[in-house]
Amino acid sequence: MRRTSLAIAMSLRHYTYASEAGARYNTYPNGGTRTPDAVLVEYTPDERAANARQRDALLTEWREVDPVGHDQWRAATDALSPAEPLTGWAEMIRESYGVRVVDPCRFCRSCRSR
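A brief look at the structure comes next.

So, how was this worked out
- Residues numbered from 1 in each chain as written.
- Predicted model: local features only at pLDDT ≥ 70, side-chain atom pairs only at ≥ 80, totals over all residues.
- Heavy atoms only, no water.
- Phe/Tyr/Trp six-rings, centres within 6.5 Å; stacked < 30°, edge-to-face > 60°.
- Helix = DSSP H or I, 4+ residues; strand = E, 2+ residues; numbered from the N terminus.
- Buried < 20%, exposed > 50% of the residue type's maximum accessible area, 1.4 Å probe, protein only.
- Contact = heavy atoms within 4.5 Å.
- Salt bridge = Lys/Arg side-chain N within 4 Å of Asp/Glu carboxyl O.

### Overview of the packing of aromatic side chains
Using the criterion set out here, one finds 2 aromatic pairs in the structure. Judged by centre distance (4.9 Å) and plane angle (50 degrees), the rings of Tyr25 and Tyr43 are tilted. One end of the pair, Tyr25, is in strand β1 (residues 24–26); the other, Tyr43, is in the loop between β2 (40–42) and α2 (45–65), with 18 residues separating them in the sequence. For the ring pair Trp62 and Trp73, a centre distance of 6.2 Å and an interplane angle of 55 degrees mean the geometry is tilted.

Here it is in structure tokens:
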């Protein structure tokens, strides 16, 4: 059974971010990402490469399930400029981890139809 565009986009959120240079993850020693004692660890080059392979597999799956969403996300990603304001999840990622990405969820079939 094929996954929905939304399910793919939600998975793609993580792998898109986690494959970027400078991407970090929180070890959550005592709570959430915004706690004073949060410990952020940068993904290693091998981890980023593995995340990039997973991201690419998800992009292939998304292109098959929802080519319109895939293409719109690709165009938005290609057009992302450092001055462009981010909102929602993408802004949270920028604030918390310093990485700018386009939220794939905005382009899934479910979100486009709202």
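### Some thoughts on helix α4 (residues 88–97)
Taken together, the buried positions of α4 are Trp89, Ala90, Glu91, Ile93, Ser96 and Tyr97. For α4, the elements touching its buried residues are α1 (5–18), β1 and β2. Note on α4: the residue one or two positions beyond its end, Gly98, has a positive phi of about 75 degrees.

### Some thoughts on the pattern of salt bridges
On inspection of all chains with the given rule, the structure shows 6 salt bridges. Glu91 serves as the salt-bridge partner of Arg94, at 2.6 Å between the closest nitrogen and oxygen. With Arg94 and Glu91 both in helix α4 and 3 residues apart, this pair spans about one turn of that helix. When salt bridges with common partners are traced through the structure, they connect Asp66, Arg109 and Arg112 into a single cluster.

Interpretation in functional terms is not warranted from these geometric data alone.
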